[in-house]
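# A structural walkthrough
Each chain, written out:
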Amino acid sequence: MSIIETRNLNLYYGQHHALLDINVDIEENSITAFIGPSGCGKSTFLRTLNRMNDMIPNVKITGTVKVAGEDIYQSGVDVEILRKRVGMVFQQPNPFPKSIYDNITFGPKLHGVTNRHELDEIVEKSLKAAALWDEVKDVLKKPAYGLSGGQQQRLCIARALAVNPQILLMDEPTSALDPISTAKIEELLDELKETYTIVIVTHNMQQAARISDKTAFFLNGELVEYDATPVIFQNPSDKRTEDYITGRFG
Amino acid sequence: MVPGVLFSSSLITVLTTVGIVLVLLTETVAFFGEVSIIEFITSDRWTPQFADKHFGILPLLVGTMMITVIASLVALPIGLATAIYLSEYAPERVRKVVKPILEVLAGVPTIVYGYFALTFVTPLIRSLIPETSIYNALSASIVVGIMILPMVASLSEDAMLAVPRKLRDGAFALGATRFEVALKVVVPAALSGIIASFVLALSRAIGETMIVTIAAGALAQVTFNPLESVQTMTAFIVNISLGDVEPGSIESKSIFAVGMTLFVLTLTLNLIAQFISRRYKEEY
Ligand SMILES: Nc1ncnc2c1ncn2[C@@H]1O[C@H](COP(=O)(O)OP(=O)(O)O)[C@@H](O)[C@H]1O
Ligand SMILES: [Mg+2]
């Protein structure tokens, strides 16, 4: 069953037409990768799924985006609840300048969890899910900024998981990390897809090939091709996809 | 050549500061040669110009504190709210207009504020509460608050704008509202800058001279009723300096003792602020 469905989704930054008629269905409990050259609209598309584009002035969106059957651009949609359901991890690790513990509890507290015991449990569970628990369990009250880049990114994943989302959007989550940290996160994603639906933007085609079930190729705001990952990488039907994955441009 | 000029300039700055402190110190020491420090701290009468001279700093201290506290009650909350509005809510074009206005307001000569207090705010208060003195602490302190408000707003907003976008995005993505982002992410991250703006504002309120001289009166008394006249430390200094005091007289030395007290007060305030902002600083 598709947990995300976009229909004729268009997005304009002022006059600039950044997304053209995007139709995508995303499966539950799968990893979907979005690839394409820089500036083709991958991040923009990702942000339409949790309405993070709302914060950018002069953005206009047409078409529909359904998350679990609900049109998220309809009036009356509670954006805060939507973002709780559709978590996001960014390109640059962006922990808050607070302790590791406070980073994780930030989201749950927003959504009304106040019980100390319950918060402790959420912290442990989220950090374990993000494969960070063993490294930080003794320094939970220390500033998050003391962690390495890779640990900070896993902390951001844990922070996103702490509000119990269904979907996790990740915008080039490993592009600022070293290969070892990258490998750890890729391994982690494979476990997370048991519980969550993951949509990941990546600049790195090998990464898409390694971890995703389906891959979408974007070019100049258009969705060129969308198919099972092996098909995209071994037997693409569009010439432009083939050119891109064989490294002829991009 | 250039390093030489720059060095001399900084030397001049340092030397002037040292000079000022030295003069303050020697005159203050001379003052306490004639007046006991116990009287200065404990007496509740300040009457250097009367035949029956008393030198208790308390009335001036209370006057100064009352002005500062009421001014802060006006300026800090409104200033912070303005800063939050400008940095987190206002569209770009509103900010582009309001920000320069704040900066201009911060530069209006204080005498203008002083007459605003006396000719506008005081009559307004007296029409609401008729028993208010013509010269009263309330009017002066409200206007001191208005005077320091733009500074609080502008400096706090600078501190909040310096908080990276990605922190706000992180909070929005967790389902925070704009208000929650402002209160739980931006303000804490900008706290040391915000506290710095508060302290600067408080120091200006404590040191504010023109408004209180014009609107608060010249009655050195220990009172906690803002509808009465008070005298602040600064207003006393102006008052004495305008009269014909003989250099070397005890009245003239008292100016320096009061000046020294002001100096110590603002210095302490700055130290406390540094401590607070170091203690609660969120590094990003
Ligand atoms: N906030 C914005 N305002 C205006 N144009 C933007 C904004 N963000 C992105 N764009 C434009 O939209 C296009 C797609 O950008 P983006 O989604 O960031 O691409 P990608 O993530 O694939 O590199 C680019 O042409 C970019 O310049
Ligand atoms: Mg991008």
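Each chain carries its own residue numbering, running from 1 in the written order of its sequence. In the order they appear in the text, chains get letters beginning with A and ligands get numbers beginning with 1. Selection of residues for local features in this predicted model requires a pLDDT of at least 70, selection of side-chain atom pairs for listing and counting requires 80 or more, and totals for whole chains, interfaces and linings are taken over all residues. Calculation of side-chain values draws on the structure's entire complement of heavy atoms; hydrogens and water are dropped beforehand.

Looking now at the overall build of chain A. In this text, helices come from DSSP runs of H or I with a minimum length of four residues, and strands from runs of E with a minimum of two, each type numbered from the N-terminal end. A count of helical and extended segments in chain A gives 10 helices and 10 strands. When we talk radius of gyration, it's over C-alpha atoms, and the globule rule is simply 2.2 Å times the number of residues to the 0.38. Expected size for 250 residues packed as a compact globule is a radius of gyration near 18 Å; at 18 Å, chain A falls within 12% of this value. Along the longest, intermediate and shortest principal axes, the C-alpha atoms of chain A span 55 × 45 × 35 Å. Across the 250 residues in chain A, those meeting the buried criterion constitute 54%. Any two residues whose heavy atoms approach within 4.5 Å at even a single point are treated as in contact. The long-range share in chain A, meaning contacts at least 24 apart out of those at least 6 apart in sequence, stands at 66%. Accessible surface, chain A as shown: approximately 10800 Å² in total, 46% of it carbon and sulfur. When charges are tallied, Lys and Arg are placed among the positive residues and Asp and Glu among the negative ones, while His and the ends of the chain are skipped. Charged side chains are reduced to one point each, which is NZ for Lys, CZ for Arg, CG for Asp and CD for Glu. Averaged over its 26 positive side-chain charges, chain A has a centre that lies 5 Å from the centre of its 33 negative ones. Only protein chains enter the accessibility calculation, which uses a 1.4 Å probe; a residue is then buried when its area is under 20% of its type maximum, exposed when over 50%, and partly exposed in between. To measure how exposed things are, a 1.4 Å probe is used in the Shrake-Rupley method; for residues, cover is taken only from the protein chains shown.

Right, let's talk about helix 6 (residues 149-161) of chain A for a bit. The end-to-end C-alpha distance of helix 6 of chain A is 18 Å, a good match for the 18 Å that 13 residues give at a rise of 1.5 Å each. Here helix 6 of chain A has its buried residues at Gly150, Gln151, Gln152, Gln153, Arg154, Leu155, Cys156, Ile157, Ala158, Arg159, Ala160 and Leu161 of chain A. What a helix is expected to span follows from its residue count: subtract one and scale by 1.5 Å.

Let us look at the packing of aromatic side chains. Residue and element names in this part refer to chain B. Any two rings among Phe, Tyr and Trp, with Trp reduced to its six-membered ring, count as a pair given centres within 6.5 Å; such a pair is stacked if its planes are under 30 degrees apart, edge-to-face if over 60, and tilted if neither. Counted under the stated rule, the structure contains 13 aromatic pairs over all chains. Here the aromatic rings of phenylalanine 32 and phenylalanine 40 are separated by 5.0 Å at their centres, their planes lie at 85 degrees, and the arrangement is edge-to-face. With a relative accessible area of 6%, phenylalanine 40 lands in the buried category. An angle of 85 degrees between the planes, with centres 5.0 Å apart, marks the rings of tryptophan 46 and phenylalanine 236 as edge-to-face.

Let's shift gears to the site of ligand 1. All names here are of chain A. When we say a residue is near a molecule or strand, we mean one of its heavy atoms is within 4 Å of it. Neighbouring ligand 1 are 13 residues; Gly39, Gly41, Lys42, Ser43 and Thr44 lie closest to it. Identification of polar contacts relies on pairs of N or O atoms within 3.5 Å, with a donor-acceptor requirement for protein atoms, meaning one able to donate a hydrogen and the other able to accept it, and with residues adjacent in sequence counted only if both atoms are side-chain atoms. The contact in question runs from an oxygen atom of ligand 1 to an N or O atom on the backbone of glycine 41, over 3.1 Å. Bound to the protein, ligand 1 loses 63% of the 560 Å² it would expose on its own. Among the secondary structure elements, those contributing two or more residues to the shell around ligand 1 are strand 2 (16-27) and helix 1 (42-48). The biggest single contributor to the shell around ligand 1 is helix 1, with 4 residues. Considering only residue class, the shell around ligand 1 consists of 5 nonpolar, 6 polar and 2 charged. All residues other than Ala, Val, Leu, Ile, Met, Phe, Trp, Tyr, Cys, Pro, Asp, Glu, Lys and Arg, Gly among them, are scored as polar; the first ten of these are nonpolar and the last four charged.

Exposure above 30% relative accessible area and the absence of a salt bridge qualify a residue for a patch, where like charges join within 9 Å and nonpolar side chains (Val, Leu, Ile, Met, Phe, Trp, Tyr) within 5 Å. Think of a salt bridge as a Lys or Arg side-chain nitrogen and an Asp or Glu carboxyl oxygen that are within 4 Å of each other. Together, Val14, Val18, Leu22, Leu25 and Val29 of chain B make up an exposed nonpolar region whose accessible area comes to about 430 Å². With respect to the helices and strands, leucine 22 of chain B occurs in helix 1 (residues 2-34).

Ranked by size, the top nonpolar core spans 55 residues in total, and within it Phe34 and Phe45 of chain A carry the most contacts. Ranked by residue count, the leading element in this core is helix 8 (residues 178-189) of chain B, at 6 residues. Look past the residues within four positions of phenylalanine 45 of chain A in its chain and what remains in contact with it is Thr6, Leu9, Leu19, Ile22, Val24, Phe34 and Phe218 of chain A. Ile31, Ile122, Ala144 and Met170 of chain A belong to the second-largest nonpolar core, a separate cluster that totals 43 residues. The set of buried Ala, Val, Leu, Ile, Met, Phe, Trp, Tyr and Cys residues whose side-chain atoms join them within 4.5 Å is what this entry labels a nonpolar core.

With that settled, consider the interface of chain B and chain A. Facing 21 residues of chain B, the contacting portion of chain A comprises 24 residues. Across the interface of chain B and chain A, roughly 1800 Å² is buried in total on both sides, 66% from carbon and sulfur atoms. For the pair chain B and chain A, the number of links is 4 residue pairs in polar contact (both at pLDDT 80 or more). Put simply, the parts of the chain that give the side of chain B that touches chain A at least two residues each are helix 7 (165-173) and helix 8 of chain B. When residues of the side of chain B that touches chain A are assigned to their parent elements, the largest contribution, 8 residues, is made by helix 7 of chain B. Tallied by class, the residues present in the side of chain B that touches chain A amount to 10 nonpolar, 3 polar and 8 charged. Here the buried area means the combined drop in accessible surface, using a 1.4 Å probe, for two parts upon being joined, counting both sides.

Attention now moves to the domain arrangement of chain B. Residue and element names in this part refer to chain B. All the domain ranges listed were derived from an automatic or database domain assignment. Domain annotation of chain B identifies domain 1 (1-33) and domain 2 (38-280). In this assembly, 9 residues from domain 1 lie in contact with 10 residues from domain 2. Interface area for domain 1 against domain 2, summed over the two sides, is near 880 Å², with a carbon-plus-sulfur share of 89%. In terms of surface lost to domain 2, no three residues of domain 1 exceed Leu24, Glu27 and Phe31, which account for 61% of the buried area on that side. At the boundary of domain 1 and domain 2, one finds 0 salt bridges. Counting across the interface, domain 1 meets domain 2 through 1 residue pair in polar contact (both at pLDDT 80 or more).

This part takes up the environment of arginine 7 of chain A. Residues and elements named next belong to chain A. By the element assignment, arginine 7 lies in strand 1 (residues 2-13). Setting aside anything within four residues of it in sequence, one finds arginine 7 in contact with Ile22, Asn23, Val24, Asp25, Gly63 and Thr64. Within the structure, the side chain of arginine 7 is placed 3.0 Å from the side chain of aspartate 25, a separation counted as a polar contact.

Turning our eyes to something else, we now look at helix 6 (residues 137-161) of chain B. Residues and elements named next belong to chain B. Given a rise of 1.5 Å per residue, 25 residues ought to cover 36 Å, and the 35 Å separating the end C-alpha atoms of helix 6 matches this to within 8%. At isoleucine 148, helix 6 shows its maximal bend, which comes to roughly 35 degrees, and the proline proline 150 appears one to four places after that position. Summarising burial for helix 6: 20 of the 25 residues are buried, a large majority. With a side-chain oxygen lying 3.1 Å from the backbone nitrogen of leucine 138, the N-terminal cap of helix 6 falls on asparagine 136. Here the bend at a residue is taken as the angle between two axes, fitted respectively to the seven residues that end there and the seven that start there.

With that settled, the discussion passes to the pairing of strand 2 of chain A. All names here are of chain A. Where strand 1 lies against strand 2, 8 bridges are found, and the strand directions are antiparallel. Each bridged residue has a counterpart across the sheet, and for leucine 11 the counterpart in strand 2 is leucine 19. Here a strand pair is declared whenever DSSP counts at least two bridges between the two strands. Remark: 2 residues form the turn of the hairpin made by strand 1 and strand 2, two consecutive strands paired antiparallel; glycine 14 in that turn has positive phi of roughly 60 degrees.

Here we take up the environment of isoleucine 3 of chain A. Residue placement: isoleucine 3 of chain A occurs in strand 1. Leaving out residues up to four positions away in the same chain, isoleucine 3 of chain A has contacts with Ile26, Glu27, Glu28, Lys66, Val67, Ala68, Gln166, Ile167 and Thr197 of chain A.

We now examine the pairing of strand 9 (residues 214-219) of chain A. All names here are of chain A. Burial analysis of strand 9 places 5 of its 6 residues in the buried class, the great majority of the element. Of the pairings in the sheet, the one linking strand 3 (residues 31-35) to strand 9 comprises 4 bridges and is parallel in character. Of the residues in strand 9, the one forming a bridge with alanine 33 is threonine 215. Pairing between strand 9 and strand 10 (residues 222-228): 6 bridges, direction antiparallel. Across the sheet, residue phenylalanine 217 finds its bridge partner in strand 10, namely glutamate 225.

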